[in-house]
Every structure is written in structure tokens, then in C-alpha cells.
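A look at the structure
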Amino acid sequence: MFRRSRIAVVLFALPLVACGGGSARPKADLAASKITTIGVNSYLWRASLDTLGFMPLLQTDSNGGVIVTDWYTNPQTPTERMKVTVSILDQDLRADALRVAALREVNRNGQWVSSPVQAATTQKLEDIILTKARDLRRASIAG
């Protein structure tokens with residue numbers, strides 16, 4: 001009885017080996033989707049923190065991929081302040097895995113009034129973050 005069950009197991013296992021179960025599979029590019037303990041792409045996360053490092057951080061959530069800055073006033077333009085939110089949407093290093101939103105306020109007669117943000121501002125921030133993330137990835141692969 002035991003002999004038949006061992007033969008049956010061997011016979012059922014043979015087709016799996018013949019179908020490629022024993023062959024080597026191509027490995028995924030782990031650098032493009034850096035597997036870490038955080039829930040999002042680590043290159044985009046680090047590049048976002050580096051890019052926004054001059055602004056005070058209000059909230060960071062590495063599992064959800066959200067970085068929210070507090071209001072930042074540039075010393076050269078004290079009547080204007082900005083607040084930025086970066087959302088990392090994926091574990092892959094892709095341009096559509098990153099969203100940047102910004103709020104801008106202008107001081108008029110002692111009151112902060114909401115003012116439009118130029119689309120080029122958020123696009124420039126996204127470009128800077130993506131460039132830094134690609135540089136971090138290249139550095140990790142090279143060394």
C-alpha cells in the first residue's frame with residue numbers, strides 16, 4: 001500500500017518537472033521596485049524626503065506613501081507661503097507613481113489668502129523627485 005502511494009506521488013510530480021518546474025525563471029528587476037519594509041518605492045520615498053528637506057514636515061506615512069509639509073515661507077518672499085503634499089502611489093519606480101500637490105497663500109493686509117499655484121511648480125517638483133529617484137537607483141545598482 002505504501003509502495004503504490006509513493007509511485008503515485010512520483011508519477012504526479014514528473015509532469016511538473018517536464019513543464020519547467022525545475023528550470024530557472026527570469027528574475028524580476030528588484031531595483032525598479034525596491035522591496036523594503038515600507039509600503040512604497042523606496043527610491044521615490046527617499047528622493048521626496050530629500051527634495052522637501054528644506055521645508056518643515058507635518059506628516060510622513062511610509063506605508064501609505066504620503067508626505068505633507070507644513071507652511072514654508074521663503075525668506076526672499078516673506079508675503080508668500082507654500083504647503084506641499086507628495087503621494088507615492090506604487091512600489092514601482094515610474095512617473096505615474098508620484099503625485100505632487102501644492103497650496104499657496106499670499107499675505108494681504110495681515111491675512112493669508114489662498115492663491116493659485118502654477119502648474120509648472122508642481123511639475124518641476126515631480127521632475128526633481130523623479131530625477132533624484134533615478135539617480136538613487138543607478139547608484140544602488142552600480143555600487
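For every chain, the first residue of the written sequence is number 1, and numbering continues from 1 onward in sequence order. The model is predicted, so local features are restricted to residues of pLDDT at least 70 and side-chain atom pairs to those at 80 or more, both for listing and for counting; the totals for chains, interfaces and linings are taken over all residues. Values reported for side chains reflect all heavy atoms of the structure, with hydrogen atoms and water molecules removed beforehand.

**Observations concerning the packing of aromatic side chains**
Ring geometry is summarised as follows: Phe, Tyr and Trp rings, the Trp one being its six-membered ring, pair when their centres sit within 6.5 Å, and such pairs are stacked at plane angles under 30 degrees, edge-to-face over 60 and tilted between the two. Tallied over the entire structure, the rule returns one aromatic pair. Between the aromatic rings of F54 and Y72, the centroid separation amounts to 5.0 Å while the plane-to-plane angle is 85°, which identifies the pairing as edge-to-face. Of this pair, F54 sits in the loop between α2 (42-51) and β1 (57-61) while Y72 sits in strand β3 (residues 72-73), and the two are 18 residues apart along the sequence. Relative accessible area decides the class of each residue, using a 1.4 Å probe on protein chains only: under 20% of the type maximum gives buried, over 50% gives exposed, and in between gives partly exposed. Given the relative accessible area of 22%, Y72 is considered partly exposed. Counting from the N terminus, the helices are the DSSP runs of H or I reaching at least four residues and the strands are the DSSP runs of E reaching at least two.

**A closer look at helix α3 (residues 119-142)**
A rise of 1.5 Å per residue sets the reference length of α3, with its 24 residues, at 34 Å; its end C-alpha atoms lie 35 Å apart and thus fit the reference within 8%. If you check which residues of α3 are buried, you get T122, L125, E126, I129, L130 and A133. Here, two residues are considered to be in contact whenever any of their heavy atoms come within 4.5 Å of each other. Against the buried residues of α3 lie α2, β4 (80-88) and β5 (98-108). Helix span is expected to be 1.5 Å times the residue number reduced by one.

**A look at the environment of I128**
You can see I128 is positioned in helix α3. Its relative accessible area of 32% is what places I128 among the partly exposed residues.

**Brief notes about the pattern of salt bridges**
By definition here, a salt bridge exists when the distance from a side-chain nitrogen of Lys or Arg to a carboxyl oxygen of Asp or Glu is within 4 Å. Per the stated rule, a full pass over the model turns up six salt bridges. Between R81 and E105 there is a salt bridge whose closest N-O contact spans 2.6 Å. Of this pair, R81 sits in strand β4 while E105 sits in strand β5, and the two are 24 residues apart along the sequence. E105 gets classed as buried once you look at its relative accessible area, which sits at 15%. Members of the salt-bridge network, linked through shared partners, are D90, R94 and D96.

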